[in-house]
Amino acid sequence: MIAVQFGVLGPLAVTTDRGEPVTVPGVKVRQLLADLLANRNQVVSADRLIDDLWGEDAPADPGAALQVRVSQLRKALNDAEPGARDLVESRPPGYLLRTDAVDAHRFAELADSTDADRLAAALALWRGDAYADVADDEFARAERARLAEQRLAVHERLAEARLARGEHDLVAADLADLVTRFPLREGLRALQLRALYAAGRQSEALDSYADLRDRLAEELGLDPGPELVALHRRILEHDAALAAPPRAAIVRNSLPAQLDELVGRAEALTELRTLIPVRRLVTLIGPGGVGKTRLATEAAREQSFPDGVHLVELAPLPTGATDVAEQVLATMDLRESAGASVSAVDRLCAALAGRRVLLVLDNCEHVIEPAATLVARLLRDAPELRVLATSREPLGLTGELLWEVPPLALPDGGDDLDTVRRSAAARLFAVRAAAQQRGFRLDGKTAPAVAQLCRRLDGLPLALELAATRVRALGVQGVVDRLDDRFQLLTTQQRDMPPRQRTLTAVIGWSWDLLDEADRAVLARLAVFRDGCAPQAAEQVCRTDLDTLARLVDRSLVVLDEHPAGPRYRLLESVAAFCLERLDDPDAVRARHAAYYTDLAERADPQLRGAGQQQWLARLDAEAANLRAALAHGGGLRLANALTWYWFLRGRLTEARQALTSPGDAAQQSRAAAWRIGFALLQGEAIVPGEIRAALAGDPDGRATWFTANAVLDRADVALASELLDAATGDRWTEAVALSTRAKLAHAAGDLAALEHAATRSAALFAELGDRWGRLQANDWVGGLAEMRGEHDRAIALHREGLGWAEELALWPEVCSKLSWLAWLAVQTRDHAAGRELAERAYRMAVEQGMPSAIVFAETSLGMAARRAGRLDVAAVHLTRIAEQGRAERQPTFYLPMILVELGHVAEQAGDRAAALALHVEAYDAAEAIASPRDAVFALEGMASAVDLPEVAARLLGAAAAARATAQAPASPVERDDTDRVTERLVAVLGADRYAALLAEGTALSPGQARAQLDG
C-alpha cells in the first residue's frame, strides 16, 4: 500500500505514512497538485490544467510544459515513497490523482456525527483556511467554499452538542471569534445568544443581537426572518426553557441617536426594562423638566419588538389638537391609502393589528383627551401592541400602570464630598458643568454649593442642566446666589401651582432675565416654529443673525440638532410655551413665518421634478410641521398649490385635499380645483367626466391634467384617460410624465411598438431632467416591455435598478411596486421560492402603506407562485379575493382577465374542468372589453386546458400561438409549462400527426373565431 498523506485543510501538505514531509518543488508543481487534489479521483483535462496553471500566459508549448510539471510531481512523490508516482495517472483527456488519503476525507467522516468529541476531532484537523496557498486560484475557489461551509456547519453542530451537555461558557468562548469573522451568519449568532443567555450573560446576548441587527441594516438593508426575533424575545422574557436556536430579524425604529450619557437613572431603567414587555400601557408621569422623555427613550432603546419601536413626538401638535393618529402614522412612515377614504385611526388600527410594536407617545398632556381615546382604541384592536407614554397627567385608562418619574436623588445628610458624590443630581450637574467649563471639578471646595443648588432646584434634570450653562460665567456659588429670590418668590406666592410649574418656570424665567431685550425678542419669535427650523428660517422670521442664535444655543435655551437636511434650531417644549406668552408682535412674526415657508415651497416645487429631488424631499420632510403651521398662519392656496406635488410623492392625499380648499384669489382657486379633482379620484371618489373636464379647464401647465388622467387610468377608464392625456401638454416634464402613462396604456393593450416608443422616450426625458421619480415611472414600462418580449433577465436588471432608486428616495410605494415587479418576474421564470419571498415582502409593505393597487400586484404573484408549487387551496384564496375586487368595479380592471385565467387553471388542476372553462371564457370576455390581445391569448390557452373536446383544444392552441406571434408576445417559461401540459395530453389522445394538423387549422383562426369553437 502506498502510504502518502495529503493535507488540504490549511496550506498544502504532503507527508509519508511515517509523518515525514514530502517536498513538492516549484510553484507550478504545487498548483498542479492542488488542482488534482481539488478534483481527486476524477480526470482533469489537460486543457483545463493548462488554463488553471498559466491562464493567458501559457508557454509556447503548453502541453509539453504540463507534462514536465506532471513528471516533477510524480518524481517528488516517488522519492518520498516508492511507487507513489502511480497515484498520478495519465487518462485521456488529461490526468487523475487517485487517493482517499486526504485530511478532508477524514474530516468528512468525523463531521458526519452528533458526538461532540468526534466533531472536535474533525475541527482539530484544520491548520488554517483550506487550500490556503492557492487561495487566489480560480480552480480552488469552489472547493475552498465547500470546505469552509462544512467547517462552519461542524462548528455549529459542535456548539449544539456542547450546549446539550451544559458547556455554555465553553460554547460562548468558542463562538466569539467565529461571530467576529462571520458577523452576518445567523445560525452562529443564534447559538452564541443561547450560550450567553444560558451562561447568565443576558446583557452580552442582547448586545450581540443588537450588533447583528445593526450590521444587517447597514450592510445589506435586510430584515432577517422571524426565528432570531423569537429567540431574542425569549431572552428578554427570561425563558428558562430556552433551547432551540431561532433566527433573527431587524427591527426598524424611529428612536433618535444617543448623544450624551443618561445620568442617575440606572435603577429606573432596570425596572422599566422588565415592565414594558409585560404591561400593555405604562405611563411615565411627573413634572415638566423631570426627564420623562429621556428616560422613556432610553428604556425603549433597550427593548426589541419584532415590528418596531417608535418614538412619536406629540410636542409639535398644538394644544388640543385631535390629529394624534396622523402624527403616529407619519412617525411610522405609513402611507395614506389611495383607495376609499378611511380615518387615520382606522388606518392605524389596521396597520398595527397582529403586530408586536412598542409605541412611545411623548408629551401627551397637551393633547390628553385625543391621545387617551386613541390609545384605548389601539389597545383594544391591536392585542400585541405595547404603549409607553409620557405625560404630566395620567391617561386615565383601564389597565394603565402609572410610573412616576422622581427627581434625581439629592445629597442626603450633609454637604461633605462623599455624600454629594453619591447624589445622582450632583453627578448630573457636575457632568454638564464640566462640559461647559473644562476646569470644573466636583471637589471639597465646590461640593457644598453644588449640594445647595441641587436641593434648591429640586433635583430636576432640566433645571440642573440650565444652571450648569452659567457656571463658566458665574461660578457655582454665583448661580446659587442668583436663584435665591426667584425661587423664594415662586414657592411662597404661587403655592396653588403644581410644583413642576413653580420650579421649571423659575428656571426658565431666570434664564430669560439673563438675556438682553434683543435676545429675548429673538427667543420669543423662535417659539412660532414647529419642530424646529433651519438657520435661514430663524434669521428671516426672527430678524436676527447667527451670532445671536449661537448665544442662545450656548445658554441652552435653544437646542441645535443635526438633521439629514441640515442643522436645525429647536426650543424645548417648556421654553417655547414660556416664550409664546412673551411674544410682543405675534401677528407680524406669524406672517413672516407663512411668507418664508410659502417661498420655500415655491422654490422646492420645480426642484422636486429635477436633479435636486432627493435633497428637497428631505428638506420638506424636515419642515412638514412648519408647513402645516404656515398654512394656518395665512399661507392659503398659494402655499397649498406649491405643495401639491410634494404631498403626492409622500402619499398625503387627505392633507392635500383639505389644504386645497383654503382661501385664495381666482387664479389660485382655479389651479387648486384642477389638482383637487385628481386627489379625489385617487381616494376612490366617483366623479362624472363632466365635472372632471370642468375642473381641469383652469389647469395652467397641463400637470394637473396629466395627474387626473393617471388617476382615471387606475380606474380603468381608458377612453377618458386617453382624452385627458391628449390635453396634457406643457413643458418637457409634462411631456415625459404623459409618455410614461401612455406606456402604461400601451402595455395594457399589448401594443409593443407604442410601448417601446413611449417608455424609452419618457426614460430619456426624465434622465435629462434628473427626475429620479420620473425615471422610476418610465423604468416600470421599459422593464414591462422587456418582459413582454421574453427578455426576462433584462427586465429583472431594470427593475432591480429601479428598486435601488426608490429606496434611496425613501419612496416606499415605489419600493413596493418594484418588489412586486421582481416577484412577478421570478414566478414567470420558475423561481417560485424567490417569487413568493419577494411577493410577501411587497404584500406586507403594501398593506402597511395602504396601497390597494400594490396589494393586488403582490397578491397576484403570491397566488401564481402557490399554484406552481401545487398549493392550489392557497392559490385559490389569493386569486379569488383579487377577482372579486376586479368584478366589483364599474368596468373590467386591467388585472381581471389574468386573474381569471389563473383561477381557471387552479380549478382545472383541482379536477373541476367545467368551472375552469367558465372562468377562462369570462377572462376572454374581460380581455375583449379592455382591448387586451395578450390577455385574450392567455384565455384561449386556458380554454384549451379545460375544454372536453380534444379537437377544439388543439385548434384553440393553434389560434393562441398565431395570436402570440402577431402580438410579438412570446410565452414565458411558466406559460410554456401550462401549454406543454395541455399539449402532452392532446398528443396522447389524438396522436402526434392528428394533433399537428388540428394545431395548423387553429393558426388560421382569429381569436374570436377560436372562441366561437366553444359555441359550436
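Please refer to the structure placed before this passage.
These numbers come from a predicted model, not from an experiment.

A closer look at the overall build of the chain
On a plain count of helices and strands, the chain comes out with 48 helices and twelve strands. Overall, the chain is about 105 × 90 × 60 Å in size when its C-alpha atoms are taken along their principal axes. Across the 1016 residues that make up the chain, the buried fraction comes to 54%. If you take every contact in the chain between residues at least 6 apart in sequence, the share linking residues at least 24 apart comes to 67%. Just so you have it, the chain exposes about 42700 Å², and 50% of that area is on carbon and sulfur atoms. Seen as two clouds, the 116 positive and the 146 negative side-chain charges of the chain have centres 2 Å apart.

Regarding the packing of helix α2 (residues 46-54) against helix α3 (residues 62-80)
The relative placement of two packed helices is expressed as an angle between their axes plus a distance between the axes. Their axes nearest at 10 Å, the elements α2 and α3 cross at an angle of 85°. With respect to their mutual orientation, α2 and α3 come out roughly perpendicular. Within the contact between the two elements, α2 uses A46, L49, I50 and W54 and α3 uses P62, G63, A65, L66 and R69. Residues that form the contact of α2 with α3 fall into these classes: seven nonpolar, one polar and one charged.

Re the sheet that holds strand β6 (residues 281-285)
Note on sheets: strands pair through backbone hydrogen bonds, and any given pair is parallel or antiparallel. The five strands lie next to each other as β7-β8-β9-β6-β10, forming an open sheet whose pairing is parallel. Single-partner strands in this sheet number two, and they are β7 (309-313) and β10 (400-404). Neighbouring strand axes in the sheet, compared pairwise and without regard to direction, differ in orientation by 20° on average. Where β6 and β10 come together, five bridges link them in parallel fashion. Across the sheet, residue V282 finds its bridge partner in β10, namely L401. Its contacts with the sheet put helix α11 (residues 266-278) on β6, β8 (358-362), β9 (386-391) and β10, and the angle it makes with β10 is roughly 170°. Packing of helix α12 (residues 292-301) onto the sheet brings it into contact with β6, β7, β8, β9 and β10, and relative to β9 it is tilted by some 160°.

Overview of the packing of aromatic side chains
One pass over the structure, following the stated rule, counts 20 aromatic pairs. Pairing W733 with W773 gives two aromatic rings, centres 6.5 Å apart and planes at 25°, and the pair type is stacked. You can see W733 sitting in helix α34 (residues 732-749) and its partner W773 sitting in helix α36 (residues 772-788), a full 40 residues away along the chain. Pair check on accessibility: W733 and W773 agree, each one buried. Grouping aromatic residues by their ring pairs yields a cluster made of W645, F648, W675, F679, W706, F707, W733, F766 and W773. Between R609 and the ring centre of W733, over which it is positioned, the NZ or CZ distance is 4.8 Å.

A word on the sheet that holds strand β5 (residues 94-97)
An order of β3-β5-β4 is seen for the three strands of this open sheet, with the pairing classed as antiparallel. Each edge of the sheet is formed by a strand with only one pairing partner; in this case those strands are β3 (44-45) and β4 (88-91). The pairing of β4 with β5 spans four bridges and is antiparallel. Within β5, the position partnered with V88 by the bridge is L97.

A short note on the environment of H905
Along the polypeptide, H905 turns up in helix α42 (residues 896-909). Residue classification places H905 among the buried residues on the basis of a relative accessible area of 4%. Residues H905 and A875 lie 30 residues apart in sequence; the distance between their C-alpha atoms is 10 Å.

Some remarks on empty space enclosed by the protein
Under the definition given, this model contains two cavities of 30 Å³ or more. Space inside the largest cavity adds up to approximately 150 Å³. V901, E902, F938, E975 and D978 are the residues nearest the centre of the largest cavity, which is lined by 14 residues in total. Secondary structure elements with two or more residues in the lining of the largest cavity: α38 (812-828), α40 (852-868), α42, α44 (933-946) and α46 (973-990). The volume enclosed by the second largest cavity comes to roughly 40 Å³. In this structure, the second largest cavity is lined by D605, R609, T644, R671, W675, D701 and R703. Considering only residue class, the lining of the second largest cavity consists of one nonpolar, one polar and five charged.

Re the side chain of R265
One can find R265 in the loop between α10 (226-236) and α11. Despite its burial, R265 pairs with no opposite charge; the closest candidate is E267, at 9.3 Å N-O. What R265 contacts, discounting residues up to four positions off in sequence, is V290, L295, V405, P406, P407, L408 and P461.

Comments concerning unusual backbone geometry
What is expected of a backbone is that most residues other than glycine have negative phi and most peptide bonds are trans. Cis geometry is adopted by the peptide bond preceding P93, which originates at P92 and carries an omega value of 5°. Structurally, P93 can be placed in the loop between β4 and β5. In this structure, D531 is a non-glycine residue whose phi angle is positive, near 60°. Residue classification places D531 among the partly exposed positions, given a relative accessible area of 37%.

Comments concerning the nonpolar core
Among the nonpolar cores identified, the biggest contains 130 residues, and L526, W645 and W706 are the most heavily contacted of them. Per-element accounting of this core gives the leading share, 14 residues, to helix α28 (residues 624-649). Once residues lying within four places of it in the same chain are set aside, the contact partners of W645 are D605, L608, R609, W675, W706, F707, W733 and W773. Among the nonpolar cores identified, the runner-up in size contains 50 residues, and V8, L9, V44 and L158 belong to it.

Examining the pairing of strand β2 (residues 13-16)
Only one face of β2 is covered, namely the one carrying V14 and T16; the face carrying A13 and T15 has none of its residues buried. Pairing of strand β1 (residues 4-7) with β2, which is carried by four bridges, proceeds in the antiparallel orientation. If you follow F6 over to β2, its bridge partner there is V14. Here β1 folds back onto β2 in antiparallel fashion, the turn holding five residues, of which G10 has a positive phi close to 145°.

The rules we used
Residues numbered from 1 in each chain as written. Predicted model: local features only at pLDDT ≥ 70, side-chain atom pairs only at ≥ 80, totals over all residues. Heavy atoms only, no water. Helix = DSSP H or I, 4+ residues; strand = E, 2+ residues; numbered from the N terminus. Buried < 20%, exposed > 50% of the residue type's maximum accessible area, 1.4 Å probe, protein only. Contact = heavy atoms within 4.5 Å. Areas by Shrake-Rupley, 256 points an atom, 1.4 Å probe, with all protein chains shown as cover. Lys, Arg positive; Asp, Glu negative; His and termini not counted. Charge placed at Lys NZ, Arg CZ, Asp CG, Glu CD. Axes fitted to C-alpha atoms, helices over the stretch in contact; angles between N-to-C directions. Parallel < 35°, antiparallel > 145°, perpendicular 65-115°, else oblique. Nonpolar A, V, L, I, M, F, W, Y, C, P; charged D, E, K, R; others polar. Pairing = 2+ DSSP bridges. Phe/Tyr/Trp six-rings, centres within 6.5 Å; stacked < 30°, edge-to-face > 60°. Lys NZ or Arg CZ within 6 Å of the ring centre and 35° of its normal. 1 Å grid on protein atoms, 1.4 Å probe; cavity = no way out; pocket = protein on both sides within 12 Å on 5 of 7 lines; lining within 4 Å. Points joined across faces, edges and corners; volume = space filled by probe spheres on them. Salt bridge = Lys/Arg side-chain N within 4 Å of Asp/Glu carboxyl O. Core = buried A, V, L, I, M, F, W, Y, C linked by side-chain atoms within 4.5 Å.

None of the figures reported here should be taken as evidence of function without further support.
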